[in-house]
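Structural characterization, general
This is what each chain is made of:
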Amino acid sequence: MKKYIALLLVAVSSVVFASTEVPSNLKDSVEAVAPAFHNMPKDNERIGLNYVNQPPMVPHSVRGYQVTKNTNQCLNCHGVENYRVTGAPRISPTHFTDRDGNVSADIAPRRYFCLQCHVPQADVAPIIENEFEPTKSFGGK
């Protein structure tokens with residue numbers, strides 16, 4: 001009997017949770033919070049790091065960038081073949097090392113999807129308060 005009551009409670013709570021709206025389209029995404037990234041820092045300088053080994057942040061919009069298993073538009077500017085022409089920072093040599101420590105001429109699969117670690121930033125008011133303080137040697141006070 002207790003098992004059936006527990007299952008009933010799980011089912012009811014699932015329905016309540018499912019009825020809560022969760023943003024699932026572009027108009028409710030991060031890019032909607034900072035409309036078209038109009039107030040986003042533009043390629044004028046790199047954004048400072050806040051902690052050791054932090055992936056550099058993206059100082060430009062990535063709206064419409066395609067990063068799939070077949071295409072990575074980030075490499076059009078940051079790839080080894082193009083960075084000198086575009087003036088973009090070159091992809092780090094660490095991105096060519098696979099999980100076993102083998103170095104390859106191609107980007108390692110675990111480092112191919114740039115936006116897993118490198119995130120665009122917008123100069124907007126925070127949605128929630130944040131008390132994070134960067135490491136002193138990385139721009140802290």
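Anyway, here's the lowdown on the structure attached to this text. Every chain is numbered independently, its residues counted from 1 as its sequence is written. For this predicted model, a pLDDT threshold of at least 70 governs which residues receive local features, and a threshold of 80 or more governs which side-chain atom pairs are given and counted, while totals over whole chains, interfaces and linings are taken from all residues. Hydrogens and waters are ignored; side-chain quantities use all the structure's heavy atoms.

Secondary structure summary: the protein chain contains four helices and zero strands in total. Helix and strand definitions here come from DSSP, where helices need a minimum of 4 consecutive H or I residues and strands a minimum of 2 consecutive E residues; each element is numbered from the N-terminal end. Counting from the amino terminus, helix and strand elements in the protein chain follow one another as α-α-α-α. Per-residue accessibility, obtained with a 1.4 Å probe over protein chains only, is compared with the maximum for each type, and a residue is labelled buried under 20%, exposed over 50%, and partly exposed between these values. Across the 141 residues that make up the protein chain, the buried fraction comes to 17%. Here a residue-residue contact requires only that any non-hydrogen atoms of the pair lie within 4.5 Å. By sequence separation, contacts in the protein chain at least 24 residues apart represent 47% of the contacts at least 6 residues apart. Accessible area for the protein chain stands at about 11400 Å²; split by element, carbon and sulfur atoms hold 58% of it. Computed with a 1.4 Å probe, the accessible areas rest on the Shrake-Rupley method; for each residue, only the protein chains presented here act as cover.

All right, on to the environment of A105 then. In this structure, A105 sits in the segment after α4 (83-86). Overall, the relative accessible area of 73% leaves A105 in the exposed class. Considered as a pair, A105 and P93 are 12 residues apart in the sequence and their alpha carbons are 9.9 Å apart.

These results come straight from atomic positions and should not be treated as a statement about function.
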